[in-house]
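One letter stands for each residue in the lines below.
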Amino acid sequence: MDEMNQVAIPLSVAREACEQLARRGWESARLALEELGRRSAGSVSASRVGAATMAGVYTLRSELMSGSPGRTVELERFADELARYGEDAVRFFSLDRGDWTVLCVVSDDLARGVAATAVRGGERPGRSAAGGAEGELPAAAAGGFCEELLADGWSSAELGVQGLAERPSGSVPLWLGSAAALAGNYRARAEEYARMSSPRPAYDLERFVDALTEHGEEAVRFFSVDRGDWTFLCVVAGDLARALAATAISRAPGA
């Protein structure tokens, strides 16, 4: 990942974020603090992603793991909190604690703990086939998907092309989810914006929801790119054969 999407967080900052969460009753944050307490120096590596995107991923993960009690801590609360956080970017890092892997999310400016969850067993909540970042997509391939959508009249894809051109990295993080979960998450966003007196500017949002709804429970892959105050999200087929939909939402409230 490039510098914009990954940063080293000092242990003192990570501890403070987890302490904030623990004071707000997050049991998984206490697991994180136990692991951080074993480390005397250094940092943790945190990646950057849109809170709404992460909410969609972990809403799906919560549904997938609902039949595995005892394997997760606060997973549903984690997804709900990210959904309430809105369109702002967040940072997340993971820690191994014995049989548990803890995922902690902090605000983009590193000043506030946002949410935490933990999964027991071999799955890493931040990198799993059930709903986490599963790897990197070459920027050239990502650009090709954007061009495909542009040709089909998706105006949001222009922001994707511009954002990709500004990235020093040759790849973007690629995530796995379901079309239905993403459609549901962004449909709720669209309804929320419609109720606002000053809605957040967005491109192709309703078309994005409609397109993904047509694909039902199909597995899809997606990536996001920041460009100025905008976050662009592109969804492609699970086999990477074609682009399916895109939207771009401003992180700044409307005028």
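Thresholds, definitions, all that
Going along each chain's sequence as written, the residues are numbered from 1 onward. Local features in this predicted model are restricted to residues of pLDDT 70 or higher, and side-chain atom pairs are both shown and tallied only at a pLDDT of 80 or more, whereas totals for entire chains, interfaces and linings draw on every residue. Hydrogens and water molecules were not included; the side-chain quantities draw on all heavy atoms of the structure. Here a strand is any run of E in DSSP of at least two residues, a helix any run of H or I of at least four, and the numbering for each starts at the N terminus. Buried, partly exposed and exposed residues are distinguished by accessible area as a fraction of the type maximum, computed with a 1.4 Å probe on protein chains only: under 20%, between the cut-offs, and over 50%, respectively. Here, residues are in contact when the closest pair of their heavy atoms is within 4.5 Å. Definition used in this section: a nonpolar core is a set of buried Ala, Val, Leu, Ile, Met, Phe, Trp, Tyr and Cys residues joined via side-chain atoms within 4.5 Å. To be clear, the arc concerns the directions from the helix axis to the C-beta atoms. Salt bridges are counted wherever a side-chain nitrogen of Lys or Arg sits within 4 Å of a carboxyl oxygen of Asp or Glu. Stacked, tilted and edge-to-face pairs are distinguished by plane angle, under 30 degrees for stacked and over 60 for edge-to-face with tilted covering the rest, among Phe, Tyr and Trp rings (Trp via its six-membered ring) whose centres lie within 6.5 Å. Definition used: whenever NZ (Lys) or CZ (Arg) falls within 6 Å of the ring centre and also within 35 degrees of the ring normal, the charge is taken to sit over that ring. Two N or O atoms count as a polar contact when they lie within 3.5 Å, although within protein this holds only if one can serve as hydrogen donor and the other as acceptor, and sequence-adjacent residues are included solely when both atoms are side-chain atoms.

Enquirer: Please explain the overall build of the protein chain as it appears in this structure.
Expert: Regarding its fold elements, the protein chain presents eight helices and 12 strands. Counting the 255 residues in the protein chain, one finds 54% classified as buried. Looking at the protein chain alone, contacts between residues at least 24 apart form 70% of all its contacts between residues at least 6 apart.

Enquirer: When you look at the nonpolar core in this model, what are you seeing that I'm missing?
Expert: A general feature of soluble globular proteins is that nonpolar side chains tend to end up buried together. Met 54, Phe 78, Phe 93, Tyr 186, Phe 208, Phe 223 and Phe 232 are the most contacted members of the largest nonpolar core, which totals 78 residues. Ignoring any residue separated from it by four or fewer positions in sequence, one finds Met 54 in contact with Val 49, Phe 78, Leu 82, Val 90, Phe 92, Leu 103 and Val 105.

Enquirer: Explain the environment of Asp 229 here, please?
Expert: Secondary-structure assignment places Asp 229 in the loop between strand S10 (219–227) and strand S11 (230–237). For Asp 229, a relative accessible area of 48% translates into the label partly exposed. Between the C-alpha atom of Asp 229 and that of Arg 251, which follows or precedes it by 22 residues, the distance is 5.5 Å.

Enquirer: Before we go on, may I ask you to explain the environment of Ala 248 in this structure?
Expert: Summarising the element assignment, Ala 248 is placed in strand S12 (residues 243–250). The exposure class of Ala 248 is buried, given its relative accessible area of 0%. For the pair Ala 248 and Arg 227, spaced 21 residues apart in the sequence, the C-alpha separation amounts to 9.5 Å. Setting aside residues no more than four positions away along its own chain, Ala 248 makes contact with Ser 156, Leu 159, Pro 201, Ala 202, Tyr 203, Trp 230, Thr 231 and Phe 232.

Enquirer: Can you help me understand helix H6 (residues 157–165) in this one?
Expert: Because the α-helix completes a turn every 3.6 residues, residues three or four places apart line up on one side. Of all the positions in H6, only Ala 157, Leu 159, Gly 160, Gly 163 and Leu 164 are classed as buried. For H6, the arc enclosing every buried residue in end-on projection is 150 degrees, short of the 170-degree limit, so these residues lie on one face. On its buried face, H6 sits against helix H5 (139–151), strand S8 (171–178), strand S9 (202–203), S10, S11 and S12.

Enquirer: Is there a simple way to think about the pattern of salt bridges in this case?
Expert: A side chain of one charge can pair with a side chain of the opposite charge when the charged atoms of the two come close. Summed over the entire model, instances satisfying the criterion amount to 12 salt bridges. Residues Arg 23 and Glu 16 are paired through a salt bridge, measuring 3.6 Å at the closest nitrogen-oxygen approach. We note a salt bridge from Arg 189 to Glu 192, for which the minimum N-O separation is 3.6 Å. Separated by three residues within a single helix, Arg 189 and Glu 192 lie in helix H7 (residues 179–195), roughly one turn from each other. Exposure remark for Arg 189: the relative accessible area of 3% places this residue in the buried category. Residues joined by salt bridges that share partners form a network here, namely Arg 48, Arg 91, Asp 108 and Asp 226.

Enquirer: Could you clarify how one ought to interpret the packing of aromatic side chains in this entry?
Expert: Here a ring pair, both rings aromatic, is described through the centre-centre distance and the interplanar angle of the planes. Tallied over the full model, the rule gives four aromatic pairs. Look at Tyr 203 and Trp 230: their rings are 5.0 Å apart centre to centre, the planes differ by 25 degrees, and that puts the pair in the stacked class. Here the residue Tyr 203 occupies a position in strand S9, and Trp 230 occupies one in strand S11, the gap between them amounting to 27 residues. The positively charged end of Arg 77 is found above the aromatic ring belonging to Trp 26, 3.8 Å away from the centroid. The aromatic ring of Trp 154 is capped on one face by Arg 207, whose charged end is 3.9 Å from the ring centroid.

Enquirer: Can you help me understand the side chain of Ser 171 in this one?
Expert: Secondary-structure assignment places Ser 171 in strand S8. Residue classification places Ser 171 among the buried positions, given a relative accessible area of 16%. Within the structure, the side chain of Ser 171 is placed 2.9 Å from the side chain of Glu 136, a separation counted as a polar contact.

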